[in-house]
Amino acid sequence: MDRIKLLWDFFPFLSAEPSVVIFLSDVLKIVCRSYGRAPKMIHLESNFVQFKEELLPKEGNKALLTFPFLHIYWTECCDTEVYKATVKDDLTKWQNVLKAHSSVDWLIVVVENDAKKKNKTNILPRTSIVDKIRNDFCNKQSDRCVVLSDPLKDSSRTQESWNAFLTKLRTSLLMSFTKNLGKFEDDMRTLREKRTEPGWSFCDYFMVQEELAFVFEMLQQFEDALVQYDELDALFSQYVVNFGAGDGANWLTFFCQPVKSWNGLILRKPIDMEKRELIQRQEATLLDLRSYLFSRQCTLLLFLQRPWEVAQRALELLHSCVQELKLLEVSVPPGALDCWVFLSCLEVLQRIEGCCDRAQIDSNIAHTVGLWSYATEKLKSLGYLCGLVSEKGPNSEDLNRTVDLLAGLGAERPETANTAQSPYKKLKEALSSVEAFEKHYLDLSHAAIEMHTSIGRTRSARLVGKDLAEFYMRKKSPQKAEIYLQGALKSYLAEGWALPITHTRKQLAECQKHLGQTENYLQTSSLLASDHHLTEEERKRFCQEILSFASRQTDSPGHKIVLPLHCFAQLRDLHFTPSNAVVHVGGVLSVDITMCSQMPVPVRVEQIAINVHFSIEKNNYRKTAEWLTKHKTSNGIINFPVETSPFPTSQNNLPALELYEMFERSPSDNSLNTTGIICKNVHMLLRRQESSTSLETPSGVALEDGAHVLKCRDVTLEPGPNRITFRTQAKEPGTYTLRQLCASLGPVWFVLPHLYPPAQYDVYSQEPQLRVEPLADSLLAGIPQKVKFTVTTGHYTVKNGDSLQLSNAEAMLILCHAENRAVIYSNTREKASDVSLRVQSSDKVTSISLPAAPAYHMIEFELEVLSLPSAPVTGGESSMLGVTEPHRKHKDTQKAGHCMATTDHKVSIDCPWSIYSTVIALTFSVPFRTTHSLLSAGTRKYIQVCVQNLSELDFQLSDGNLADPGRGADLQLVPLNAKSPQHISSKQSVFFVWELKWTREPPPSLRCQFSVGFSPASEGQLSIPLKPYTYEFQVENFFTLYNVRAEILPPAGTEHCRTGSLCSLEVSITRLSDLLDVDKDEALTESDEYFSTKLMYEVVDNSSNWAVCGKSSGVISMPVAAQATHRVHMEVMPLFAGYLPLPDVRLFKYLPHHSAHSSQLDADSWIENDSLSVDQHVGDQLDSGSIRSRGSVHSASSSEHKGLPMPRLQALPPGQVFNSSTGMQVLVIPSRDDHVLEVSVT
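About the thresholds
Residues numbered from 1 in each chain as written. Predicted model: local features only at pLDDT ≥ 70, side-chain atom pairs only at ≥ 80, totals over all residues. Heavy atoms only, no water. Pairing = 2+ DSSP bridges. Helix = DSSP H or I, 4+ residues; strand = E, 2+ residues; numbered from the N terminus. Axes fitted to C-alpha atoms, helices over the stretch in contact; angles between N-to-C directions. Buried < 20%, exposed > 50% of the residue type's maximum accessible area, 1.4 Å probe, protein only. Arc of directions from axis to C-beta. Contact = heavy atoms within 4.5 Å. Salt bridge = Lys/Arg side-chain N within 4 Å of Asp/Glu carboxyl O. Core = buried A, V, L, I, M, F, W, Y, C linked by side-chain atoms within 4.5 Å. Domains from an automatic or database assignment.

J.: I would appreciate a short explanation of the sheet that holds strand β33 (residues 940-949) in the present structure.
T.: Working definition: the strands of a sheet are paired by backbone hydrogen bonds and lie parallel or antiparallel to each other. Reading across from one edge, β32-β33-β37-β35 is the order of the four strands in this open sheet, with antiparallel pairing throughout. Each edge of the open sheet is held by one strand with a lone partner, namely β32 (928-937) and β35 (971-975). Strand-to-strand, the axes of this sheet are offset by a mean angle of 25°, without reference to chain direction. Two strands pair when backbone bridges link them, and β32 and β33 are joined in this way by 10 bridges, in the antiparallel orientation. By the bridge assignment for β33, F928 is matched with N949.

J.: Would you take a moment to explain helix α16 (residues 423-430) for this structure?
T.: Among all positions of α16, only P423, Y424, L427 and A430 are buried. One face of α16 carries all of its buried residues, which in axial projection span an arc of 140°. If you follow the buried residues of α16, they end up packed against α11 (336-355), α13 (365-385), α14 (396-409) and α17 (434-454).

J.: Could you clarify how one ought to interpret the pattern of salt bridges in this entry?
T.: Oppositely charged side chains can form a pair if their charged atoms are brought close together. What the rule picks out here adds up to 41 salt bridges. Notably, a salt bridge pairs R296 with E217, separated by 2.3 Å at the nearest N-O pair. Taken together, the positions of R296 in helix α9 (residues 286-303) and E217 in helix α6 (residues 202-218) put the pair 79 residues apart, joining distant regions of the chain. Linking K506 and E538 is a salt bridge whose minimum nitrogen-to-oxygen distance equals 2.9 Å. With K506 in helix α20 (residues 498-515) and E538 in helix α22 (residues 536-551), the pair connects residues that are 32 residues apart, well separated along the chain. Take K506: its relative accessible area is 30%, and that puts it in the partly exposed class. Using a relative accessible area of 22% as the deciding quantity, one classes E538 as partly exposed. A single network of salt bridges, built from pairs that share partners, joins E223, D230, R306, E309 and R313.

J.: It is not clear to me how the pairing of strand β19 (residues 748-752) should be interpreted in this structure. Could you clarify?
T.: Extensive coverage of β19 is indicated by the burial of four of its five residues. Bridge count between strand β8 (residues 561-564) and β19: four bridges; the pairing is parallel. The partner of I561 across the bridge, within β19, is V748. Taking the residues between adjacent antiparallel strands as the criterion, strand β18 (residues 734-745) and β19 are bridged by two residues, where G746 takes a positive phi near 65°.

J.: Where do I start with the sheet that holds strand β52 (residues 1217-1219) in this structure?
T.: Reading across from one edge, β45-β47-β42-β40-β52 is the order of the five strands in this open sheet, with mixed pairing throughout. The two strands at the open ends of the sheet, each matched to only one other strand, are β45 (1106-1109) and β52. Averaged over all adjacent pairs, the angle separating strand axes in this sheet is 30°, with direction ignored. Here three bridges tie strand β40 (residues 1042-1049) to β52, and the two strands are oriented parallel to one another. In the strand pairing of β52, N1043 is matched with F1218.

J.: Help me out: how do you make sense of the nonpolar core in this one?
T.: Side chains of nonpolar character tend, in soluble globular proteins, to be buried together. Counting residues in hydrophobic clusters, the biggest one holds 115 residues, and the most contacted among them are F202, F206, F236, W251, F294, W340 and V348. Ranked by residues supplied to this core, first place goes to α11 with 12 residues. Taken domain by domain, this core gets at least three of its residues from each of domain 1 (4-117 + 126-193) and domain 2 (250-409 + 421-456). Aside from chain neighbours lying at most four places away, what touches V348 is L265, L267, F294, V310, A311, A314 and L371. Counting residues in hydrophobic clusters, the runner-up holds 54 residues, among them L563, F640, L717 and L755.

Function cannot be read off these values alone, since they describe shape.
As structure tokens, then:
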């Protein structure tokens, strides 16, 4: 608000008013606290108005601009009598008037004048008058009475009184303005809340809220003023929407009166008082209200320097007004609304141009281009309505309509009368003639297209161009219309708009027909004939255009018009017969295709052809019939993708929608405010998808002209799917690829340039082949096995008398049966015949007579073969069970124990079609794995043979026998086995045991042969007897030379050993025989009376039950004599309680360092000697001094043989050492002071 009117009753010092105004202008700044808004600092200027009762607000007055905020009563009375006589009554009357008008904001100012006080000597002090006034009128609010001392003087007292007065005045104004403004807003909200009551008027409420907007505008709070108009706009729009839904208000009928004036928006006046008075009198139409409301919003937005928001709001307003007129069912003359929108668009644009420079306008085209497009659209509608676009020009009816429209514009407004290019003049000129309309419409259209293109809105530019193309078509200028129609169609195809595509193609077809573009017109007609968005009659009309041209005689007979096939028919699938698409030379191949005709009527096609490309690959030698069959599809059906849309580049290539739910909740109580759906990849869906070439131009497909073509003539394609069959006979081997599909209707050829997925068939010429393969996974030796023979004839014809000659292998027999059958198949695995097969066998050759068979057939038959069973010869003791072998860290060792041994048999076969022999190899697996072991019981010896079944079959074993072919009666093998047949299941083992007895010195080695009869347990009587399974092995050093015995004694005075207590271990080593041949080696030494050999013993406890205390190994000199004994004593400590097994005692031969047969002994393997005990007859002759300890031997060796090799150890064979303490256990009881008891259970 610029002015606050100050009413006063009495102010004699008129010369002081400018000083007061100046002072208030400098210091009067109040804080405006509007409802719901943040406090703001506002600069005010005061205005003093003389008090008049008629200026006081009446009851129900809603004016805020003329409202008196503060009343001031001025008096300079210093005499009590005068005060009582006149001033008091006058004050009382003044306050009564204020109370009658509910005015509570007042102030009394007492002016003190020193000159008057000097003239009157009997006056009371001035405080007496002030006190009386305060007591009479300001009893509870004494600060409402202010003293102003001698205001015309320039003194400190005067200045102080002025400051106090103006401070009070500022405070009072602040309180009054804030209170009255808040009260006005409360009254306004109360009035708005009554909008559902009968009799409520929007126009009355409009004037009240606009009063508040005027106040904010006067205070230069343009944002708050704009909020008031936006609230009015939203309230009115909501009522219109409710009216459209059936919930109408009575006051809306005032705005439903017919539209009689359509002069557009008025934006050049701050306030359109004419329309405001219409609103106040409730005589305004909908367009009047909207025009006035937007003009006020436009003024405030320009004050806020937001001109581009004006353009945005204007476009929304114009579109919403059109819809609101329809909702309210307002009667509008034809073309009136178009005039109003056109004038409004240009008015807004010129208003923005008036407050912005050219650089700003060019950089903000995106905000104004919508108005240019809308104005162009409305001018086009007016041109069509007034007959300015018709071929013959406007008629009398069009001229009358034009006159009526111009009459509704009224006279031009004074503010635009002097403007050369005002909206009024432009519209009047555009409707005046056909040439003027064309000029204005083309200018607007090209300007809109240029603006849309400059900001990257290609779709909108082409939409305007499409309207421009319609204009050119009406003007009979198809050459100008074509480029715009092609551009629009390009956008529609890229974005997948089906209906606009159809409509644009119809326009383009008409344009191409006028231009004489035959090929383009036929292509567009074929697309329209297959478009299901058209009616059946329209589709038939375009199809007839194609058929008529196809039946027409052309000037150039050889000329062909090539069109894409997809607009005529679609290829759905292709089926080969045979299904694997492989055929031999001379064979017949069928190709069945399914074509779905897009035409609405049956079409007779002269020829349908498939161009085939023939190729011979470099690796064609790989493409045998078998290879081709494995690498082809099994069903022979190839499905082609179906185009469900009439446009090639539609939204099929766009990514899928990424839709997510969106919820917005209140931060205070977490209640749901709004919900919706958000597309997170909208930037991918709405981006431009343009290409440099038009999608509707002919593709320029070239017809392939090759030697290989599949043809089918005189085919009638019915609407929908059609089955077409092509047949061809294979002539040359190679790969044939179907490249191009063509359908011809006279000079019109519909071509599918490439078939995808690729479709091809192979023609092969195969050499005869013979393949021999077992029927089972593996062939087992020893039992009859079936082998399948497959003869692939290829290009060779098998005649009567042709046979296969097989050379017999020594260890494999071919079994001949009385009745063998052979089956003949075609190359497609169809059974041709089943004939008998004659097999003749001699000592060296087996002859198989083949049945007669044509080329490219297969002959299959089965024969039985038998491989002799035998196990590989095992030497030495490496395969004995129980023999100590070095540990191998390989998985192959474990695998070998579970895999069957194999034997290969090669057979040479002579075939009638080749001069060369064919060599095949059959691999047989031995079903058994056999091992042997030597067992000892003192000097008695036993041989154990283990037979393990590694196959999946069960067998019956019988007649197990073990023999030594090279020995006589002095060596016997006594069997300890059951004589009845034994059943051996899969993955199971059977053991055989023989006791070895001899009558004289046994030999150093024994060669044995094990044989056992076997037969499958599941089969009955076999046709031929089976040979037994044999296994040969050799046993060496099986005679027992040494007996080792160990014994543990408890400590003296105790009955049992205790954990943690030392016990005595006594080891005795006894020689069981005199000198033998096996003892004659490098370790043997000869003295005067006997031979001796050096042995090393070692006590080891692998189970960690005992702790050996002291020396656990040593070297002894052992006499080579029967019953010679060595005893070794040492101490051991049991670590656990329970029955513990004894530690192991091992024996080794101790060889000199130059021995070539012993293993290397490192420094840690030097052993010290323990106390030695021998029998009496040899004990006295031993020199104890010759037996050195480990340390002495090491020191002597290191001093005398520095750098020489160490002595070596050689393990004694297990058959030469018998440990009689194996299996013995010692009872160990726990100690009494053990808190934790550990018991070993073995």
